[in-house]
Amino acid sequence: MTPLRKSDISKKLFSEHSVFDVLRTFESAYPPPLTAKWFSFLSIMIALVFSGAYYSSEPILEDLHKVSESLVDFSGLLVGALFGVVIAGFSIFASSLQPAILLRLIETDYPGTQANNLTFIFSMFIYVLATLFTVFAAIFFYKLTIGPNSAILGIPTKISPSNHASSAILLIFISLLIGQLVFVFSILFSFIWNLHQILLVIAGKQAIDAIDQKKPR
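Residues numbered from 1 in each chain as written. Predicted model: local features only at pLDDT ≥ 70, side-chain atom pairs only at ≥ 80, totals over all residues. Heavy atoms only, no water.

Summarising the element assignment, I146 is placed in helix α6 (residues 117-146). When its relative accessible area of 5% is taken as the criterion, I146 is described as buried. Taking the C-alpha atoms as reference points, I146 and H65, separated by 81 residues in sequence, lie 9.0 Å from one another. (Helix = DSSP H or I, 4+ residues; strand = E, 2+ residues; numbered from the N terminus. Buried < 20%, exposed > 50% of the residue type's maximum accessible area, 1.4 Å probe, protein only.)

As structure tokens, this is what we get:
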């Protein structure tokens, strides 16, 4: 392994030029496409099948609003709590960094990627936060456009869609939101595992340094 030089630091740490580059760095550690995307897609397809069967029974729009409101409220509480968990995990990791460990993380690449370990770890946190943010965006979209008090489906107007069309829109939204939540849980499973491995690596390096210091000279 070539020792890290000062001139290499900017190249190692600032190779990404946008948030999307950071997200791709995290995904590059997995066989494409990301497994979580398959789980999400499968859950959406299953939800759409059940939604189609439910739609054929001509559901009452008010009942669908109750279901969607419950799901949206649950999603908001869940994502808000997970934001705290992710930030706490990042704080634990940041507080564990020491100069020797930091140098080692920058010098070595994460297996299966061309990104160094430190960049990959940071991209992991950003990926999870971005995933949670998409759920917040979906909730905002729901409240603004298709919720029971929204401008499109909530307030009756001359241009409002029919009850059948409104029911279809709500069922599609519910299916997509379920897929988003499945994706969040899949990513969090990976996040917890990676964080566990990272903390073990840091602890192992500290243990090795402690052993070396105890050796007689």
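So that's the structure; there's more coming.
A separate point is the packing of aromatic side chains. Throughout the structure, instances matching the rule amount to 6 aromatic pairs. On the basis of an interplanar angle of 25° and a centroid distance of 5.4 Å, the ring pair of F83 and F136 is categorised as stacked. On the criterion of sequence distance, the pair formed by F83 in helix α4 (residues 61-96) and F136 in helix α6 is long-range, its members being 53 residues apart. You can call F136 partly exposed: its relative accessible area is 33%. (Phe/Tyr/Trp six-rings, centres within 6.5 Å; stacked < 30°, edge-to-face > 60°.)

If you trace the backbone, S51 turns up in helix α3 (residues 35-56). A relative accessible area of 10% means that S51 is categorised as buried. Not counting residues within four places of it along the chain, the set of residues in contact with S51 comprises L171 and S175. (Contact = heavy atoms within 4.5 Å.)

So, about a nonpolar patch on the surface. A cluster of nonpolar residues, W38, F41, M45, L48, I172 and L176, forms a patch on the protein surface that exposes about 570 Å² of accessible area. Of all the elements in the fold, those that place two or more residues in the nonpolar patch are α3 and α7 (163-214). When residues in the nonpolar patch are grouped by element, the largest group, 4 residues, is from α3. The exposure class of I172 is partly exposed, given its relative accessible area of 45%. (Patch = residues over 30% accessible without salt bridge, like charges linked within 9 Å, V, L, I, M, F, W, Y side chains within 5 Å. Areas by Shrake-Rupley, 256 points an atom, 1.4 Å probe, with all protein chains shown as cover. Salt bridge = Lys/Arg side-chain N within 4 Å of Asp/Glu carboxyl O.)

Take unusual backbone geometry next. Across residues other than glycine, the phi torsion is negative in most instances, and most of the peptide bonds are trans. The backbone of E58 shows a phi angle near 55°, a positive value even though the residue is not glycine. Mapped onto the secondary structure, E58 falls in the loop between α3 and α4.

Time to look at the nonpolar core. Core analysis: the biggest nonpolar cluster contains 42 residues, and F93, F125 and F191 have the highest contact counts within it. Among the secondary structure elements, those contributing two or more residues to this core are α2 (19-27), α4, α5 (99-107), α6 and α7. No other element matches α7, which puts 14 residues into this core. (Core = buried A, V, L, I, M, F, W, Y, C linked by side-chain atoms within 4.5 Å.)

What follows deals with the pattern of salt bridges. For the coordinates displayed, the defined rule picks out 2 salt bridges. Here K143 ties to E69 by a salt bridge, and the two come within 3.3 Å at their closest N and O atoms. On the criterion of sequence distance, the pair formed by K143 in helix α6 and E69 in helix α4 is long-range, its members being 74 residues apart. On the basis of relative accessibility, which here comes to 40%, the residue K143 falls in the partly exposed class. Among the ionic pairs, D73 bridges to K143, the shortest N-O distance being 4.0 Å. Here K143 lies in helix α6 and D73 lies in helix α4, a separation of 70 residues in the sequence. Judged by its relative accessible area of 40%, D73 is partly exposed. Via salt bridges that share partners, E69, D73 and K143 belong to a single interconnected network.

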